[in-house]
Amino acid sequence: MALIVVCSAKGSPGASTTALALAAEWPRQSLLAELDPLGGDLVYRQGAEDGSVLDPNRGMNSLALAGRGGITPELVHEHSQRLPGGLDVLVGLTRPEQTNGWSGRWTALGRALATGPADVIADIGRAQPGSPVNELLPYASLVLVVSRTTAEDLAHLRSRVASLHNVLSPAGRSGAPVGVLLIAPARQQAAASRDAAQVLAAGQVPAQVAGLIAFDPKAAEQLAGRRRGRIHRTQLVASVRQTVAGLGTQFGLGRVPEQSTPETESTEGVLR
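Below: a short report on this structure. Just so we're clear, the structure is a prediction, and the values are computed from it rather than from any experiment.

Cut-offs used in this document
- Residues numbered from 1 in each chain as written.
- Predicted model: local features only at pLDDT ≥ 70, side-chain atom pairs only at ≥ 80, totals over all residues.
- Heavy atoms only, no water.
- Core = buried A, V, L, I, M, F, W, Y, C linked by side-chain atoms within 4.5 Å.
- Buried < 20%, exposed > 50% of the residue type's maximum accessible area, 1.4 Å probe, protein only.
- Contact = heavy atoms within 4.5 Å.
- Axes fitted to C-alpha atoms, helices over the stretch in contact; angles between N-to-C directions.
- Helix = DSSP H or I, 4+ residues; strand = E, 2+ residues; numbered from the N terminus.
- Parallel < 35°, antiparallel > 145°, perpendicular 65-115°, else oblique.
- Left-handed = near helix turned anticlockwise from the far one by under 90°.
- Pairing = 2+ DSSP bridges.
- 1 Å grid on protein atoms, 1.4 Å probe; cavity = no way out; pocket = protein on both sides within 12 Å on 5 of 7 lines; lining within 4 Å.
- Points joined across faces, edges and corners; volume = space filled by probe spheres on them.
- Expected span 1.5 Å × (residues − 1).
- Arc of directions from axis to C-beta.

To continue, consider the nonpolar core. Nonpolar side chains in soluble globular proteins tend to be buried together. Within the largest apolar cluster, 45 residues are counted, with the highest numbers of intra-cluster contacts made by Leu35, Val76, Trp102, Leu109, Leu136, Val143 and Val145. Ignoring sequence-local partners within four residues, the contact set of Trp102 consists of Met60, Leu63, Ala64, Ile71, Leu93 and Leu109. Leu20, Val43, Leu181 and Ala219 belong to the second-largest nonpolar core, a separate cluster that totals 38 residues.

Before going further, it helps to spend a moment on the packing of helix α6 (residues 151–168) against helix α7 (residues 189–202). At a minimum axis separation of 10 Å, α6 and α7 run at an interaxial angle of 40°. Put simply, α6 runs oblique to α7. Crossing angle aside, the handedness with which α6 passes α7 is right-handed. Taking contact as the criterion, the partners of Leu154, Leu157 and Arg158 in α6 are, on α7, Asp195, Ala196, Val199, Leu200 and Ala202.

Most of strand β2 (residues 30–34) is tucked away: five of the five residues are buried. Here β2 shows a buried face lined by Ser30, Leu32 and Glu34 and a second buried face lined by Leu31 and Ala33. Examined bridge by bridge, β2 and strand β5 (residues 119–126) share five bridges and lie parallel to one another. Opposite Leu32, over in β5, you have Ile121 as the bridge partner.

With that settled, the discussion passes to the sheet that holds strand β1 (residues 3–8). Taken together, eight strands build an open sheet; the order of strands is β3-β4-β2-β5-β1-β6-β7-β8 and the sheet is mixed. With one partner strand each, in any of the chains shown, β3 (81–82) and β8 (208–214) form the two edges of the open sheet. Across six bridges, the pairing between strand β7 (residues 178–184) and β8 is parallel. The residue of β8 that forms the bridge with Gly179 is Gln208. In this fold α7 packs onto β7 and β8, with an angle of close to 150° to the strand it touches most, β8. Packing of helix α9 (residues 235–251) onto the sheet brings it into contact with β6 (142–147), β7 and β8, and relative to β8 it is tilted by some 160°.

In this section: empty space enclosed by the protein. Under the defined criterion, the tally for this structure stands at one cavity of 30 Å³ or more. A volume near 110 Å³ is recorded for the largest cavity. Taken together, Ser16, Thr17, Ala19, Leu20, Leu32, Glu34, Asp41, Leu42, Arg45, Asp123, Leu223 and Ala224 make up the lining of the largest cavity. Going through the elements one at a time, α1 (15–25), β2 and α2 (42–45) are the ones with two or more residues in the lining of the largest cavity. Among the elements that make up the lining of the largest cavity, the one with the highest residue count is α1 (four residues).

Along its 14 residues, α7 runs 20 Å from first to last C-alpha, staying within 8% of the 20 Å computed at 1.5 Å per residue. Every buried residue of α7 is listed here: Gln189, Ala192, Ala196 and Leu200. Down the axis of α7, the buried side of the element spans an arc of 65°, and every buried residue falls inside it. For α7, the exposed residues set more than 90 degrees away from the buried face come down to Ala190, Ala201 and Ala202. Residues of α7 that are buried sit in contact with α6, β7 and β8. Of the residues flanking the end of α7, it is Gln204, one or two places downstream, whose phi is positive at about 50°.

As a volume, the largest pocket reaches approximately 650 Å³. Those elements that place two or more of their residues in the lining of the largest pocket are α1, β5, β8 and α8 (217–223). With four residues, α1 is the largest single contributor of residues to the lining of the largest pocket. Around the second largest pocket, the lining is made up of 14 residues, and of these Leu31, Pro73, His77, Pro117 and Ala118 lie nearest the centre. Contributing elements (two or more residues each) for the lining of the second largest pocket: β2, α4 (73–78) and α5 (106–114). Among the elements that make up the lining of the second largest pocket, the one with the highest residue count is α4 (three residues).

Laid out in structure tokens, this is it:
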């Protein structure tokens, strides 16, 4: 299946929230993997399917120990947990120093995630040169860079995408395409998309705007488990659904065969 990597160009533009929403709204069986070397926070925000809390030690931490002899898709599944609504998650590291346990093994993890039975939405945190998680990028089917739309954000976006391209396409080989997800208020999205396209084109950066995510702080709080409400009716979720459909059109990802049904419920189900 497909490995879709989600990362941020600068700071905290909402990449983790976007990754969770994409995974929850994905039309095929999906797994959300928290692969940020600095650690994940899903375990503190969401509960388990049975109403209990997520286990911080079951996920990347336990997989590092169990996978010393090799990492397989089946082993990844064994160390995943399930959120309400049916979304499977691979909970991230809890402390940055735990990244040492993955030294030299990110490539094997990338191979396992790319060959499993589910599409994987992998949140790798901030895209930056030298990050150990870059070792799994050659196995990605698509890399999505999340960015806000200020002038400085777009400048960082251009440099980050250029450096990602070097990792994805070493020695001139063809790598995964890079798409940009812009977070902006609904009324500013058309202008934001145009500005971002111009910035990327001016820098001759091989990437395209792949989706527009609504800037919707209240919905983001709901998705993070800090606020209750009808999240499936929010601008955030509506924009994520449009983005998922667009990814199918642009890159052939996320399409569900005719007469089949998604394996997980919508974003509504991942809230406590």
